[in-house]
Amino acid sequence: MEMTPRMKQIFEVLLQESSAVSVKYLAEQIGVSRRTVQRELESAGTCLKAYGLAFVSKTGVGIWIEGSDAEKKRLLGICRTKDDYDAGNREERRKRLILEILKEKGLRKLYYYSSRFAVSEATVSTDLEAVEGWLTRYGLYVNRKPGSGISIDGSEDSYRRAIRAFINENIDTKMVREIYGEEADEPAPYDSLKRGSLGQILNHDIVKRVMDCITRMGNDKVLTLTENSYVGLIIHISIAINRIMKDEVIEPDENWSQNLAEDDDYELARVIVEKLEEEFQTDIPDVEISYICLHLKGAKHEKIRWNDDSQLEMENKELQQLVNDMVDAYDPKQAYFMKQDDGFIQGLLAHLQPTLIRLVYGMQIQNPVLDDIKASYPQIYRRCEKVASVLEAYTGKKVPEQETGFLTVHFGAAMVRLEGRQEKIRKVRTGVICSSGIGISRLMSSKLEKLFQGRMQLTAYGKHDITPYILSRTDFFISSIPMEPLDVPVVPVNPLLSDADIENIGRMVSKYERLPQKQKETDEFSMQLEEINMVASQINTLIKYMDFFRVDSRISFGELLIAVSEKMSPYSDRQELIREDILRREQIASQIFAEFGFALLHARTKGVVRPEFSICMTKDLGPFLNPYLKGIQVVFIMLAPVDNSMAGNDMMGYISSMLIEEYEFMDIVLTGDKEGMRQMLSKNLKKYFNQYLARLS
């Protein structure tokens, strides 16, 4: 039986160990799950027979390979040198050629590459011509010397930029997720980077030490970087350290380094360099401070960071004028209305600051969803090309497609908000009725949610649940059972929702989404009593069932989601719903707040039937060590049912504010005292209930 590439990795680890090892250890070493290792080991014995070796596994001891030292050495050599690559795959072969060129500056003959790639010298020559354009883009030039070989001419700066570009082009979204440990069985972050062709260009030990060094600093500005910017910073520094240790140092560029202000970013870069010098016991030239500073200035943050204020300083008239010109270029007819969108203008100003840095200094940025943006929003993208031309005129630099893609996101979101304001469309409050409010009505609600995609706020009711308060808040009902006449329109439907039923519902939605919100009925007292009783019940339930649990400090984000879902529900189907809904919310915008020291994992989910609030910490009450969790100490979990009431949502919002504003609550949480936490939660929810009653009076 032929060895698989994964099996070769397993054998290589086993052959270098002097004693038995566990499956877990093997999985960590090669960067896969234990399940994957166990599956590969099922055929290990058959493979080893061909080499005169035996595979041994003993419960409580571990696994190892038995046989003569000579045979072990022979197999180790095969595992290390045999390369699984398809010589006929032209794209892969040319990537490897670029990789070889970036690894070695020295002179190489065509024969070296033809032997390495198992192709003819003529094929290598053709491949070299094909990749020459890519190299030239980064200031590297192929120099052919007859009789001697091939060399690459270019500055150290050009080599580093080319290496960074190569890594960016070959690091996909999956790898970014692996680096941040979002899957339950993922390896440590630096193990992901050392696998495959990237592992040949990045020294994985350097990457590990750089990542650990940066994480230990605990700097808010670094910890709030977006995933791509954080990974980019780690890669940039790792490349620099690797080249410095080979005595390959960039010569300072006086044209720009003298103009780089020694501001907060520069000071942070200086501190990073000092920490790196301590870690690697080497001197790092001052020019590297400038390069790291530029990377920080050109990076994006999960949370917009204004200078020291809550909003952007509006004194930079030149930047404001640039934004005005960009909006005018996008659509002169709609420009006035778009400029009234404060969120759009503030977001665009915040986006422009790092963008201008990247353009002026020729820094690269990756946009992993560029193709999707161009395919899904072609008209907006074409208009944003006009916006990009304004930027080109301002900077004198070509704006790459990746930047135009990001502009498309900003302008596209603004247009969606603008269209919504102009049409004055709102969500329609719709009640779905069946005999109990549990079975058929829930099924109909699920189908309607998919069909109308957020146009309705759907609530399931039983036949006897309809109260004056509910009538006052509902635009119309959909019922699968006969109903007595109500003061609110009722659309009778078949439980399976026929095409005619959907058409009737669609007409009602179109009518009510353009009408003003319903006014309350005159008899509010009974409705208020009903709502007060509901809020009091939810508060009591939240306090009573508040939970506190601890997990291992090395837990990954994916493993944390599994632990949370198992804690919040005993049923496997609901656990999966909880995990998926929290993850979906996290993917919209990260809820890990390094600046406050906690994460707030929250979602509306069908996995719970009542509002839930729980607190999770590590077993030693210290920080979480996984880089994705950014050194936080506490994870708050807040879940609400999908059909949670407006008052219930308001209460959950109050708790969110409490986590930030009530320092005493956080102080109690950090002690790990569960009953103390419950008392503080009760105290604060009592304050909320009093405020709620005051609003009704």
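Going by the structure above, here's the rest.
Rules and cut-offs
- Residues numbered from 1 in each chain as written.
- Predicted model: local features only at pLDDT ≥ 70, side-chain atom pairs only at ≥ 80, totals over all residues.
- Heavy atoms only, no water.
- Buried < 20%, exposed > 50% of the residue type's maximum accessible area, 1.4 Å probe, protein only.
- Helix = DSSP H or I, 4+ residues; strand = E, 2+ residues; numbered from the N terminus.
- Arc of directions from axis to C-beta.
- Axes fitted to C-alpha atoms, helices over the stretch in contact; angles between N-to-C directions.
- Parallel < 35°, antiparallel > 145°, perpendicular 65-115°, else oblique.
- Left-handed = near helix turned anticlockwise from the far one by under 90°.
- Contact = heavy atoms within 4.5 Å.
- Nonpolar A, V, L, I, M, F, W, Y, C, P; charged D, E, K, R; others polar.
- Pairing = 2+ DSSP bridges.
- Salt bridge = Lys/Arg side-chain N within 4 Å of Asp/Glu carboxyl O.
- Phe/Tyr/Trp six-rings, centres within 6.5 Å; stacked < 30°, edge-to-face > 60°.
- Lys NZ or Arg CZ within 6 Å of the ring centre and 35° of its normal.

Participant: Outline helix H2 (residues 23–30), listing residues and values.
Facilitator: Of the residues making up H2, those classed as buried are Val23, Leu26, Ala27 and Ile30. Down the axis of H2, the buried set is contained in an arc of 100°. They therefore lie on one face. Looking one or two residues beyond H2, the residue adopting positive phi is Gly31, at roughly 75°.

Participant: Would you mind going over the environment of Ile235 in detail, with residue names and values included?
Facilitator: Inspection of the secondary structure puts Ile235 in helix H15 (residues 227–244). For Ile235 and Met211, which are 24 residues apart along the polypeptide, the C-alpha to C-alpha distance reads 9.3 Å.

Participant: Tell me about the packing of helix H17 (residues 264–280) against helix H18 (residues 286–297), and please be specific about residues and values.
Facilitator: Here H17 crosses H18 at 125°, and the two axes come no closer than 8 Å. Between H17 and H18, the crossing angle belongs to the class labelled oblique. H18 is crossed by H17, and the crossing has right-handed handedness. Mapping the contact onto sequence places Asp265, Tyr266, Leu268, Ala269, Arg270, Ile272 and Val273 in H17 and Ile289, Ser290, Ile292, Cys293, Leu296 and Lys297 in H18. Class assignment of the residues belonging to the contact of H17 with H18 gives a composition of nine nonpolar, one polar and three charged.

Participant: Can you tell me about the packing of H2 against helix H3 (residues 34–41), naming the residues and giving the values?
Facilitator: Where H2 contacts H3, the axes come no closer than 8 Å and their chain directions differ by 105°. Classified by the interaxial angle, the pair formed by H2 and H3 is roughly perpendicular. Contacts from Val23, Lys24, Leu26, Ala27 and Ile30 in H2 reach Arg34, Val37, Gln38 and Leu41 in H3.

Participant: Summarise the sheet that holds strand S9 (residues 547–551); cite the residues concerned and give the values.
Facilitator: Whenever strands of a sheet pair, they do so through backbone hydrogen bonds, lying parallel or antiparallel. The five strands lie next to each other as S9-S12-S13-S11-S10, forming an open sheet whose pairing is mixed. Strands at the two margins of the open sheet, each flanked by one partner only, are S9 and strand S10 (592–593). With eight bridges joining them, strand S11 (residues 598–605) and strand S13 (residues 634–641) adopt parallel strand pairing. Its bridge partner lying in S13, Leu601 is registered against Ile637. The sheet contacts of helix H29 (residues 557–568) involve S9, S10, S11, strand S12 (612–618) and S13, and relative to S9 the element is tilted by about 145°. Helix H32 (residues 663–671) contacts S11, S12 and S13 of the sheet and is inclined by roughly 110° relative to S13.

Participant: Which residues make up the pattern of salt bridges, and what values go with them?
Facilitator: Side-chain pairs of opposite charge can arise where the charged atoms are in close proximity. By the definition in use, this model includes 22 salt bridges. Arg94 is the salt-bridge partner of Asp127, the closest N and O atoms lying 2.8 Å from each other. Taken together, the positions of Asp127 in helix H8 (residues 121–137) and Arg94 in helix H6 (residues 90–103) put the pair 33 residues apart, joining distant regions of the chain. Note on accessibility: Asp127 and Arg94 belong to one class, buried. The partner of Glu132 in a salt bridge is Arg144, with the nearest N and O atoms 3.3 Å apart.

Participant: Tell me about the side chain of Thr430, and please be specific about residues and values.
Facilitator: Mapped onto the elements, Thr430 comes out in strand S5 (residues 428–434). For Thr430, a relative accessible area of 2% gives the class buried. Apart from the residues lying within four places of it in its own chain, the contact partners of Thr430 are Met456, Gln457, Leu458, Thr459, Thr474, Phe476 and Ile478.

Participant: Got a sec to walk through the packing of aromatic side chains? Specific residues and values, please.
Facilitator: Tallying each qualifying case throughout the model produces 11 aromatic pairs. Pairing Phe476 with Tyr512 gives two aromatic rings, centres 6.0 Å apart and planes at 25°, and the pair type is stacked. Of the two residues, Phe476 is situated in strand S7 (residues 476–479) and Tyr512 in helix H27 (residues 499–512); the sequence distance between them amounts to 36 residues. Of the two residues examined, Phe476 and Tyr512, each falls in the buried class. Over the ring of Tyr330 we find Arg383, and its NZ or CZ is 5.4 Å from the ring centre.

Participant: With reference to specific residues and values, describe the sheet that holds strand S6 (residues 456–462).
Facilitator: Reading across the sheet, the four strands line up as S6-S5-S7-S8 and stay open at both edges, with parallel pairing between neighbours. Taken across any chain shown, the strands that pair with only one partner, and hence form the sheet edges, are S6 and strand S8 (490–492). Strand-to-strand twist across the sheet, computed as the mean angle between neighbouring axes with direction ignored, equals 25°. Across seven bridges, the pairing between S5 and S6 is parallel. Paired with Val432 across the two strands is Ala460, which belongs to S6. The sheet contacts of H27 involve S5, S6, S7 and S8, and relative to S7 the element is tilted by about 170°.

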